[in-house]
Amino acid sequence: MLNSEVKNGTLVLIPEGKIDTTNVQEFRVESESIIDNNPGLPIVIDADDLSYISSAGLRVILSFLKRRLNVSVINANSTVYEIFESTGFSEMMDVKKAYKKISIEGCEIIGRGSNGTVYRTDPETIVKVYNNPDSLPEIQNERRLARYAFVHGIPTAISYDIVRVGETYGSVFELLNATSLSKMIVRDPDHLKEYVGEFVDLLKTIHEQESSPGDVPSVKETYLGYARFLKEYLPEKSFSKLLDLISAVPENCHLIHGDYYANNVMFQDGNPVLIDMDTLSCGDPVFEFASTYNALGGFASIYEGEDACGRLSGKLAMDMWDETMKLYYSGLSDEERQTQNDRVKLLGYARILRRHIKRIGMDTEIDRSHYEKCRNFLVDLIDKVDTLV
C-alpha cells in the first residue's frame, strides 16, 4: 500500500509493509503516477511503516534517480537502512535511520521554555522535547551551539541522540544523577549565597568568552525584533524610545546564554553543567539579565500563581535575584544597581509583553488584565530609563 501527501513543498511517499516481487509493479505504477501529478517537487520516501524492500523495489527508486529526481529516504528501520547501505544507495541519495521512540508519560519536568520542555526520564538521562513537530533543524542548530560553547570552555551538556516523542522530536543528554540548581536551593535555602556565588561564577565564565562575527546570533537583533513587534501596542513616543534605547546598545561579541536561570544550570558531581543552549548568542549582559529576571520575578509579577515549572518562586526567587545582581555588579553602588535593575526589567517586560500577545492573546478578561499590567510596567520603565548601557 502506498500513501502520499504534499508537505511544506515536498512530496512525501509513504509505503507500508514490504516492497518485493509480489507488489513491486503496483508500487512502480502508483509512485510514478503520484510523482507525475506533482512535477518538480522534491521527493521524500517516509519508510516509517516499511518493513522490507527488495532489489526489485530498489530498481524502482533507481529509476527515479536516473530521471534526476530529488529523492531521499527518512525513518528507515535498521533492516531497511542496512539494505540501502549495503547496496550503495546511501552513497547516491540521502538515507536517514528511524529515530528511537520514547514516552515521557509520568516523567519529571525539569524546566519549560519557549521552544520545548525538559524531562528527566531516568536518573542518568534528561530529554528536551521540542514544541514544533518539524523541529529537526532546531535540534541540529542547538547541538551546534552547544558544541560551540563547549569548545569555548563553557561546561555544556552535549546531546548524544535524537529521539521521537509522540509527533515531535527530543534531544537526549546523559547527566548521571545531576540536579538542577533551583532544586538544590529549594532543598537548602540557608546556603543561598554559596549557590548564587557558583551561579554568578559560571555566568561570568560565559560572558568572558568571545565569538567570531557570524558564529552565533546577535541578541541585540533579537530584542530589536521584540521591540518592532510591539509598535502597534505601545504609545508612539514609548515605542520610539524603546527602539532607540535598544539600538544604542553597542555591538558586543562576548557570549551570553540567553535563557540563564537556575533550572538550566545542572550540578553533576559538584560541577555545573549548562543545558538548553538554543538561545546561545552574543551581546551585552543587560540582555542576559532580562531573561534571568523574568524567570525569577518578571513572570510572577504578571501571572500570579502561574505554574513555575520548577522555577524558584516567591521570596526565595527574589532573594536569589538580589544576590545575583550584588555579586555580578559588585563594583556598583546600591543606587547604580537599582538603575541597572530598571534597565533589565524594561527589556524583560518587553519580552513578556510580546510573548503574551503572541502566545496567550487577549480573549478573556484575565488575559487582558495581564496584558495591561505588563504594558503599564513597560511604559513606566521606558519613561524612567535613559540608557541601557
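Located above this text is the structure these notes cover.
Summarised in this report is the structure supplied together with it. (Residues numbered from 1 in each chain as written. Predicted model: local features only at pLDDT ≥ 70, side-chain atom pairs only at ≥ 80, totals over all residues. Heavy atoms only, no water.)

A closer look at the environment of Leu347
Logical step 1: For Leu347, the position within the fold is in helix 12 (residues 334-360).
Logical step 2: Remark: the alpha-carbon pair of Leu347 and Glu288, spanning 59 residues in sequence, is separated by 9.7 Å.
Logical step 3: Not counting residues within four places of it along the chain, the set of residues in contact with Leu347 comprises Tyr223, Ile246, Val286, Phe287, Ala290 and Leu388. (Helix = DSSP H or I, 4+ residues; strand = E, 2+ residues; numbered from the N terminus. Contact = heavy atoms within 4.5 Å.)

As for the packing of helix 10 (residues 285-302) against helix 11 (residues 314-328)
Logical step 1: Across the interface, helix 10 lies against helix 11 with an axial gap of 9 Å and an inter-helix angle of 160°. Comparing the axis directions of helix 10 and helix 11 gives the class roughly antiparallel. Note on packing geometry: the crossing formed by helix 10 with helix 11 is right-handed. Only Ala317, Met318, Met320, Trp321, Thr324, Met325 and Tyr328 of helix 11 make contact with helix 10, whose side of the interface consists of Pro285, Phe289, Thr292, Tyr293, Leu296 and Gly297.
Logical step 2: Residue composition of the contact of helix 10 with helix 11, grouped by class: 10 nonpolar, three polar and no charged. (Axes fitted to C-alpha atoms, helices over the stretch in contact; angles between N-to-C directions. Parallel < 35°, antiparallel > 145°, perpendicular 65-115°, else oblique. Left-handed = near helix turned anticlockwise from the far one by under 90°. Nonpolar A, V, L, I, M, F, W, Y, C, P; charged D, E, K, R; others polar.)

Regarding the pattern of salt bridges
Logical step 1: Counted according to the given criterion, the structure contains 13 salt bridges.
Logical step 2: Where Asp278 meets Lys128, a salt bridge forms, and the shortest distance between an N and an O atom there is 2.9 Å. Of this pair, Asp278 sits in the loop between strand 17 (271-274) and strand 18 (281-282) while Lys128 sits in strand 11 (residues 125-130), and the two are 150 residues apart along the sequence. A single burial state applies to Asp278 and to Lys128, both of which are buried.
Logical step 3: With its nearest N and O atoms 2.5 Å apart, the salt bridge here joins Arg337 to Asp334. Of this pair, Arg337 and Asp334 both sit in helix 12, three residues apart, which is roughly one turn of the helix.
Logical step 4: Using a relative accessible area of 13% as the deciding quantity, one classes Arg337 as buried.
Logical step 5: Through salt bridges with shared partners, a single network forms among Lys128, Glu142, Asp276 and Asp278. (Salt bridge = Lys/Arg side-chain N within 4 Å of Asp/Glu carboxyl O. Buried < 20%, exposed > 50% of the residue type's maximum accessible area, 1.4 Å probe, protein only.)

Examining the nonpolar core
Logical step 1: Counting residues in each nonpolar core, the largest one holds 72 residues, and the members touching the most others are Met320 and Leu346.
Logical step 2: Residue contacts for Met320: discarding those within four places in its chain leaves Leu181, Ile185, Leu192, Val196, Phe199, Ala262, Leu296 and Leu312.
Logical step 3: Judged by nonpolar contacts, the second largest core, of 29 residues, contains Ile53, Phe64, Leu65 and Phe84. (Core = buried A, V, L, I, M, F, W, Y, C linked by side-chain atoms within 4.5 Å.)

A closer look at a nonpolar patch on the surface
Logical step 1: Taken together, Phe150, Val151 and Ile158 make up a surface patch of nonpolar side chains, about 300 Å² in accessible area.
Logical step 2: Of note, Val151 is situated in helix 5 (residues 136-151).
Logical step 3: Overall, Val151 belongs to the exposed group, its relative accessible area being 67%. (Patch = residues over 30% accessible without salt bridge, like charges linked within 9 Å, V, L, I, M, F, W, Y side chains within 5 Å. Areas by Shrake-Rupley, 256 points an atom, 1.4 Å probe, with all protein chains shown as cover.)

What to know about the sheet that holds strand 10 (residues 116-122)
Logical step 1: Read across the sheet, six strands follow the order 8-12-13-11-10-9 without closing on themselves; strand pairing throughout is mixed. The sheet is open, and its two edges are formed by strand 8 (100-101) and strand 9 (108-112), each paired on a single side.
Logical step 2: In the packing of helix 5 onto the sheet, the strands contacted are strand 11, strand 12 (161-165) and strand 13 (168-174), and the crossing angle to strand 12 comes to about 150°. (Pairing = 2+ DSSP bridges.)

Focus: the pairing of strand 6 (residues 71-76)
Logical step 1: With five of six residues buried, strand 6 lies mostly within the body of the structure.
Logical step 2: Across four bridges, the pairing between strand 4 (residues 43-46) and strand 6 is parallel. From the neighbouring strand, Ile45 faces strand 6, where its bridge partner is Val73.
Logical step 3: In this structure, strand 6 lies alongside strand 7 (residues 94-97), joined through three bridges in parallel fashion. Note on strand 7: the bridge partner recorded for Ser72 is Asp94.

Thoughts on helix 1 (residues 24-36)
Logical step 1: Counted at 1.5 Å a residue, the expected span for helix 1 with its 13 residues is 18 Å, and the 18 Å between its end C-alpha atoms agrees.
Logical step 2: Listing the buried residues of helix 1 in full gives Val24, Phe27, Ser31, Ile34 and Ile35. Each buried residue of helix 1 lies within a common arc of 95° when the element is viewed along its axis, so the set occupies one face.
Logical step 3: Turning to helix 1, the residues buried within the fold contact strand 1 (2-7), strand 2 (10-15), strand 3 (17-19), strand 4 and helix 2 (55-66). (Expected span 1.5 Å × (residues − 1). Arc of directions from axis to C-beta.)

Here we look at helix 8 (residues 219-229)
Logical step 1: Along helix 8, the positions that sit buried rather than exposed are Val219, Lys220, Tyr223, Leu224, Tyr226 and Ala227. On an axial view of helix 8, the arc spanned by its buried residues comes to 155°, and they lie on one face.
Logical step 2: Looking at the buried residues of helix 8, the elements they touch are helix 9 (236-247), strand 15 (255-256), strand 18, helix 10 and helix 12.

Some remarks on unusual backbone geometry
Logical step 1: At Asn8, a residue that is not glycine, the phi angle is positive and equals roughly 50°.
Logical step 2: Summarising the element assignment, Asn8 is placed in the loop between strand 1 and strand 2.
Logical step 3: The residue Asn177 is not glycine, and still its phi comes out positive at about 55°.
Logical step 4: Residue placement: Asn177 occurs in the loop between strand 13 and strand 14 (179-180).
Logical step 5: Asn177 gets classed as exposed once you look at its relative accessible area, which sits at 55%.

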